[in-house]
Amino acid sequence: MAERVAIILAAGVSSRMNTLLPKVLHEVCGRPMLAYVLDACRMVGVEKLYAVVGFGADQVSQRFADVEDIVWVKQDEQRGTGHAVLCCKEHLEDFAGETLVVCGDGPLIRAETLKILTEKHKAEQAAVTLATAVLDDPTGYGRIIRDVYGNIQGIVEDSDCNREQLAIKEINPSYYLFNNKVLLEAVEKVKPDNVKGEYYLTDVLSLILATGHKVVAVTAVQSEEAIGINSRAQLSAASKIMQRRIQQKLMENGVTIVDPDNTWIDARAEIGQDTVVEPFTYIHGEVKIGKDCRIGPFAYLRSGTVLKNDVVLGVFAEVKNSTLADGVRSRHHSYIGDATVGRNVNVGAGSITANFDGEKVNRTIVGNDCYLGSGSILIAPLELKDGSHVGPGTVVSQESVDQLGQKDQ
Ligand code: UD1
Ligand code: MG
C-alpha cells in the first residue's frame with residue numbers, strides 16, 4: 001500500500017452557498033474547485049485519494065469519472081468533518097503510513113505548502129503536523145490555541161470561541177498530516193459537544209495531545225491561500241486570486257498580458273511565448289494558443305480553440321472549437337465556430353461561419369491562403385479549397401462552391 005494517502009472532505013451540503021450543485025463542483029477559473037485540491041495532493045506524492053462525498057455524491061464522482069486514483073467514500077449523513085474522516089476507516093484500518101487530510105473547498109491550496117508540511121512532519125517526527133495561517137480577519141475559521149510557550153493545545157471552532165479566543169488571528173486552514181493509526185484512534189473518540197452538535201475533526205488534536213503524542217503546528221499557509229469557500233463571495237474572491245496566479249505563471253512563461261485586471265484566462269488554457277493578450281480578452285475552456293500571436297482587445301476564445309503561431313484576433317473576434325493555422329488574421333467582428341482554417345487566411349470584418357443549421361453543428365474547412373472578404377457568411381458544412389477568394393458580402397454554401405467548380409471545368 002502507498003506510504004502517503006489523502007482524505008479529501010467533500011461531502012458537505014454547503015447551505016451558505018445556497019446551491020443545489022455540490023460545493024466542490026463550483027468552478028474556479030474553469031475547473032471544479034476539487035480538481036485543484038486533488039492536484040496539490042498528488043504533487044506531494046499522494047498515490048491514493050479518498051474523497052468523502054455525500055451531498056450530490058454521484059454528481060461529484062461522475063465529474064471525475066476518468067480519474068483513477070480516487071476512491072469515493074460515501075458519508076450518507078453529514079455529521080461533521082470528524083465523522084467524514086471516520087467514514088474512511090474501513091479503507092485505512094491496516095494502513096501504517098501518513099494520511100493527509102484536506103478540505104475540498106480550499107482550491108487555493110498549494111503543493112509548496114503541503115511540501116513544507118510533510119518536511120516538518122518528518123523532521124519533528126510528529127504524530128500530527130498542521131499548517132496554520134494568520135489572517136487579519138479570522139472570522140469563521142477555527143482558531144489555533146497555543147500555550148505560553150507557543151505549543152499547540154488544540155483548535156476551537158469560531159462558533160465555540162469565547163471573546164478572548166475570537167481575537168486570535170492564527171487560524172486552521174484545514175491542512176493536516178497524521179500518522180494514520182493515531183488519527184483513526186483519535187477520531188473515534190470525538191464527541192459532538194459543541195454549538196453545532198457535529199463531530200469535529202479539529203477535536204482530534206487535543207485528544208491526540210492528551211495521549212502524549214507530538215502535535216506540531218507550522219505557520220506555513222499564506223493568508224490568501226487559506227480561503228475556504230463557504231459562500232459565493234468567497235468563491236469570487238478565490239477566483240480572483242487564482243486568476244492572478246494563472247496570469248503570473250503565463251507571464252513567467254513569456255506571455256505579455258497588457259492589463260491583467262481586465263483579462264480573464266481559464267486555468268486550462270495554454271499560451272506560447274511572445275504572444276500578446278490585449279485587454280478585455282476572455283479565454284474560456286481548453287484553449288491552446290501558439291507563439292507570437294496577438295489576441296484582443298475584446299476577443300472571446302472558447303473551448304476547443306487551437307491557434308497556431310502568429311495568429312491575430314482583434315476586436316470582437318470569437319472562436320470556438322476551431323483550429324486556425326499559422327498567420328491567420330481575423331481583426332474585427334467575426335465568429336469562427338467548428339472550423340479548420342488554413343495558413344495565412346484573411347478573415348474580413350464581420351465574417352462568420354454559420355455552423356448550426358437548427359439541428360446540428362457542422363464543420364467548415366478553409367484551405368491555405370484564402371481571402372474572405374468583409375461580411376462573408378460561410379454556411380457549414382463547407383469546404384473551401386486553398387487560395388479561394390470570397391468577395392465581400394458573399395453567402396457561401398457548399399452547393400454554390402460546387403456549381404462554381406463545374407463552371408470552371
Ligand atoms: C472547517 C474547519 C475549520 C477551518 C475551516 C477552513 C472543522 C470542524 N472546521 O470549517 O477549523 O478553519 O474548515 O476552511 O473541521 N464536510 C464533510 N462532511 C461533513 C461536514 C463537512 O465532508 O459532515 C466537508 C465539507 O464539504 C467541506 C469541508 O468538509 O469541504 C469543511 O467543512 P465546512 O462545513 O466547510 O467547515 P468550515 O466551517 O469551513
Ligand atoms: Mg469550509
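So, how was this worked out
Residues numbered from 1 in each chain as written. Chains lettered and ligands numbered in written order. Predicted model: local features only at pLDDT ≥ 70, side-chain atom pairs only at ≥ 80, totals over all residues. Heavy atoms only, no water. Helix = DSSP H or I, 4+ residues; strand = E, 2+ residues; numbered from the N terminus. Buried < 20%, exposed > 50% of the residue type's maximum accessible area, 1.4 Å probe, protein only. Contact = heavy atoms within 4.5 Å. Areas by Shrake-Rupley, 256 points an atom, 1.4 Å probe, with all protein chains shown as cover. Lys, Arg positive; Asp, Glu negative; His and termini not counted. Charge placed at Lys NZ, Arg CZ, Asp CG, Glu CD. Pairing = 2+ DSSP bridges. Domains from an automatic or database assignment. Buried area = accessible area lost by both parts, 1.4 Å probe. Salt bridge = Lys/Arg side-chain N within 4 Å of Asp/Glu carboxyl O. Polar contact = N/O pair within 3.5 Å; in protein donor to acceptor, adjacent residues only side chain to side chain. Nonpolar A, V, L, I, M, F, W, Y, C, P; charged D, E, K, R; others polar. Donors = N, O, S within 2.8 Å, 3.2 Å for Na, K, Ca; no water. Core = buried A, V, L, I, M, F, W, Y, C linked by side-chain atoms within 4.5 Å. Near = heavy atom within 4 Å. 1 Å grid on protein atoms, 1.4 Å probe; cavity = no way out; pocket = protein on both sides within 12 Å on 5 of 7 lines; lining within 4 Å. Sits in = over half its atoms within 2 Å of the grid points. Patch = residues over 30% accessible without salt bridge, like charges linked within 9 Å, V, L, I, M, F, W, Y side chains within 5 Å.

Participant: Summarise the overall build of the chain; cite the residues concerned and give the values.
Facilitator: Regarding its fold elements, the chain presents 10 helices and 32 strands. Based on the C-alpha atoms only, the size of the chain along its principal axes is roughly 90 × 40 × 35 Å. The 409 residues of the chain split such that 51% are buried. For the chain, contacts bridging at least 24 residues in sequence account for 47% of all contacts bridging at least 6. As displayed, the chain offers around 19,300 Å² of accessible surface, 48% of which is attributable to carbon and sulfur atoms. Side-chain charges of the chain comprise 42 positive and 54 negative groups, with the mean position of each set lying 1 Å from the other.

Participant: Mind laying out the pairing of strand β7 (residues 128-134), listing which residues take part and the relevant values?
Facilitator: Where burial is concerned, most of β7 is hidden: six out of the seven residues are buried. Pairing geometry for β7 and strand β11 (residues 215-221), over five bridges, is parallel. Residue pairing for β11: L130 is matched across the bridge by A217.

Participant: Now, about the domain arrangement of the chain: what can you tell me, with residues and values included?
Facilitator: As a measure of interface size, the accessible area lost when the parts come together is often cited. The assigned domain composition of the chain is domain 1 (4-226) and domain 2 (254-404). Each of domain 1 and domain 2 has a C-alpha centre, and these two points are 45 Å apart. With four residues of domain 1 at the interface, the matching set in domain 2 holds four residues. If you sort the residues of domain 1 by the area they bury against domain 2, C29, G30 and R31 come out on top, with a joint share of 88%. Where domain 1 touches domain 2, the interface holds zero salt bridges. At the boundary of domain 1 and domain 2, one finds two residue pairs in polar contact (both at pLDDT 80 or more). Across the side of domain 1 that touches domain 2, the residue classes break down as two nonpolar, one polar and one charged.

Participant: Requested: an account of the coordination of the magnesium ion (ligand 2), with residues and values cited.
Facilitator: In this structure, D105 (OD) and N230 (OD1) serve as the protein donors to the magnesium ion (ligand 2), at separations of 2.3 to 2.4 Å. Of this pair, D105 sits in the loop between β6 (98-103) and α5 (111-124) while N230 is found in the loop between β11 and α9 (232-252), placing the two residues 125 residues apart along the sequence.

Participant: Could you give an account of unusual backbone geometry, with specific residues and numbers?
Facilitator: Excluding glycine, residues mostly have negative phi values, and the peptide bonds linking residues are mostly trans. With an omega dihedral of 5 degrees, the bond running from G296 to P297 counts as a cis peptide bond. As for its position among the elements, P297 is in the loop between β18 (294-295) and β19 (300-301). The amide bond that connects A380 to the next residue, P381, takes the cis arrangement and shows omega of 0 degrees. If you trace the backbone, P381 turns up in the loop between β29 (377-379) and β30 (382-384). For N18, which is not a glycine, the phi torsion comes out positive at approximately 50 degrees. Positionally, N18 belongs in the loop between β1 (4-10) and β2 (27-28). Here N18 falls in the exposed class, since its relative accessible area comes to 67%.

Participant: I'd like to hear about the nonpolar core, residue by residue, with values.
Facilitator: Within the largest apolar cluster, 83 residues are counted, with the highest numbers of intra-cluster contacts made by I8, L100, I289, L301, L313 and L324. Looking at which domains feed residues into this core, each of domain 1 (4-226) and domain 2 (254-404) supplies at least three. When residues no more than four places from it in sequence are discounted, the contact partners of L100 are V5, A6, I7, C41, V44, V46, L114, L117, Y176 and L177.

Participant: Lay out the sheet that holds strand β20 (residues 306-307) in plain terms, naming residues and giving numbers.
Facilitator: Across the sheet, seven strands lie side by side as β14-β17-β20-β22-β24-β27-β30; this open sheet has parallel pairing. Among the strands making up the open sheet, the edge pair consists of β14 (270-271) and β30. Looking at chain direction, strand β22 (residues 323-324) and strand β24 (residues 339-341) are connected through two bridges and run parallel. If you follow L324 over to β24, its bridge partner there is V341.

Participant: Go over the site of ligand 1, please, and point to the residues and values.
Facilitator: Around ligand 1, the structure places 25 residues, and the nearest of them are G12, Q75, T81, E157 and N172. L9 is positioned with one of its backbone polar atoms (N or O) 2.8 Å from an oxygen atom of ligand 1. K23 has a polar side-chain atom sitting 3.4 Å from an oxygen atom of ligand 1. Among the detected pockets, ligand 1 sits in the largest pocket. Within the residue set of the shell around ligand 1, elements represented by two or more residues are β1, α3 (81-86) and β10 (170-179).

Participant: So what about the pattern of salt bridges? Which residues, and what values?
Facilitator: Going through the model one piece at a time under the given rule, you end up with 24 salt bridges. Two residues, K214 and E124, come together in a salt bridge whose shortest N-O distance is 3.0 Å. Taken together, the positions of K214 in the loop between α8 (204-210) and β11 and E124 in helix α5 put the pair 90 residues apart, joining distant regions of the chain. Across the pair R302 and E318 runs a salt bridge whose closest N-O atoms are separated by 2.5 Å. Of this pair, R302 sits in the loop between β19 and β20 while E318 sits in strand β21 (residues 312-320), placing them 16 residues apart in sequence. Under the relative-accessibility criterion, E318 is labelled partly exposed at 22%. In this structure, a network of salt bridges that share partners links the residues R31, D39, R42 and D69.

Participant: Go over a nonpolar patch on the surface with me, naming the residues and quoting the values.
Facilitator: Taken together, the side chains of F280, F298 and F316 make up a nonpolar region of the molecular surface, amounting to roughly 310 Å² of accessible area. Its place among the elements puts F298 in the loop between β18 and β19. Of the residues examined, F298 reaches a relative accessible area of 37% and is grouped as partly exposed.

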